[in-house]
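Survey of secondary and tertiary structure
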Amino acid sequence: MKFRYTILYVNDVAATIDFYCRAFGVERKMIHESGDYGELSTGDTTLSFSSKTLMTQLGKNPGNVDPSTPIFEIAFETADVPTALKRAVDAGAILVQDVETMPWGQETSYVHDNNGFLVEICTPV
């Protein structure tokens, strides 16, 4: 088995892809012509987005993000957390936790993306 992708359900795929490109410096891999699905170039594991409308049409029942009670996080690794955090916030991310050094030496910070998903910006462990 190989972990290939994660798909997050969002209201606006194109706006989400644009936000991630601006906020985290990742590149758009593709957006389907329907606008209901898109992917980012994120290495071996793809970060994807699908519209809630499409998921509803496919018989799924997508829930809504509640930023006050996240159930997962996305993590982007960088050598320069302060600069990456500033870029994300300048692009519209909402600051959750400023840069902190963890007891094991890793620097971390957290933001909410344009959909309310929790995103960690961190140095390698």
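Right above here is the structure, for reference.
Residues numbered from 1 in each chain as written. Predicted model: local features only at pLDDT ≥ 70, side-chain atom pairs only at ≥ 80, totals over all residues. Heavy atoms only, no water.

Tallying secondary structure elements over the protein chain gives 3 helices and 8 strands in all. Along its sequence from the N terminus, the protein chain presents helices and strands in the succession β-α-β-β-β-α-β-α-β-β-β. Taking 14 Å as the expected radius of gyration for a compact globule of 125 residues, we find that the protein chain reaches 15 Å, a close match to that expectation. Taking the principal axes of its C-alpha atoms as reference, the protein chain extends roughly 45 × 35 × 30 Å. Burial analysis of the protein chain (125 residues in total) assigns 37% to the buried set. Pairs at least 24 apart in sequence give 52% of the contacts found in the protein chain among residues at least 6 apart. Each charge sign in the protein chain was given a centre, from 9 positive and 17 negative side chains, and these centres are 8 Å apart. (Helix = DSSP H or I, 4+ residues; strand = E, 2+ residues; numbered from the N terminus. Rg over C-alpha atoms; globule rule 2.2 N^0.38 Å. Buried < 20%, exposed > 50% of the residue type's maximum accessible area, 1.4 Å probe, protein only. Contact = heavy atoms within 4.5 Å. Lys, Arg positive; Asp, Glu negative; His and termini not counted. Charge placed at Lys NZ, Arg CZ, Asp CG, Glu CD.)

Bringing the sheet that holds strand S1 (residues 5-10) into the picture now. Reading across the sheet, the 4 strands line up as S1-S4-S3-S2 and stay open at both edges, with mixed pairing between neighbours. Strands with a single pairing partner mark the edges of an open sheet, and in this sheet they are S1 and strand S2 (27-31). Looking at each pair of strands side by side, their axes are set apart by 25° on average, direction ignored. Pairing of S2 with strand S3 (residues 37-41) involves 4 bridges; the strand directions are antiparallel. (Pairing = 2+ DSSP bridges. Axes fitted to C-alpha atoms, helices over the stretch in contact; angles between N-to-C directions.)

Attention shifts here to the sheet that holds strand S7 (residues 107-112). One open sheet accounts for 4 strands, arranged S5-S8-S7-S6; its pairing is mixed. One side of each edge strand has no neighbouring strand; the edge strands of this open sheet are strand S5 (73-77) and strand S6 (94-101). The mean angle between the axes of side-by-side strands here comes to 20°, regardless of whether they run parallel or antiparallel. Bridge count between S7 and strand S8 (residues 118-122): 5 bridges; the pairing is antiparallel. Within the sheet, the bridge partner assigned to His112 lies in S8 and is Leu118. Helix H3 (residues 81-90) rests against S6, S7 and S8 of the sheet, and its axis sits at about 5° to S7.

Let us look at the nonpolar core. Tyr20, Phe24, Leu47, Phe49 and Phe76 are the most contacted members of the largest nonpolar core, which totals 23 residues. When contributions to this core are tallied by element, the ones reaching two or more residues are S1, helix H1 (13-24), strand S4 (46-51), S5, H3 and S8. Here the element with the most residues in this core is H1; it accounts for 6 residues. Each residue touching Phe76, except ones within four places of it in the same chain, is listed here: Tyr20, Phe24, Val26, Thr42, Leu47, Val119, Glu120, Ile121 and Cys122. (Core = buried A, V, L, I, M, F, W, Y, C linked by side-chain atoms within 4.5 Å.)

Next up on the list: the packing of H1 against H3. Geometry of a packed helix pair, given as the angle between the helix axes and the separation of the axes. H3 packs onto H1 with a crossing angle of 145° between their chain directions and a minimal axis gap of 7 Å. Together, Cys21, Arg22, Ala23 and Phe24 of H1 and Ala84, Arg87 and Ala88 of H3 make up the contact between the two elements. Split into classes, the residues belonging to the contact of H1 with H3 amount to 5 nonpolar, no polar and 2 charged. (Nonpolar A, V, L, I, M, F, W, Y, C, P; charged D, E, K, R; others polar.)

All right, on to the environment of Gly116 then. Within the fold, Gly116 resides in the loop between S7 and S8. For Gly116, a relative accessible area of 11% corresponds to the buried category. Here the alpha-carbon distance between Gly116 and Met102, two residues 14 residues apart in the chain, equals 24 Å.

So far we have only geometry, and geometry alone does not tell us how the molecule works.
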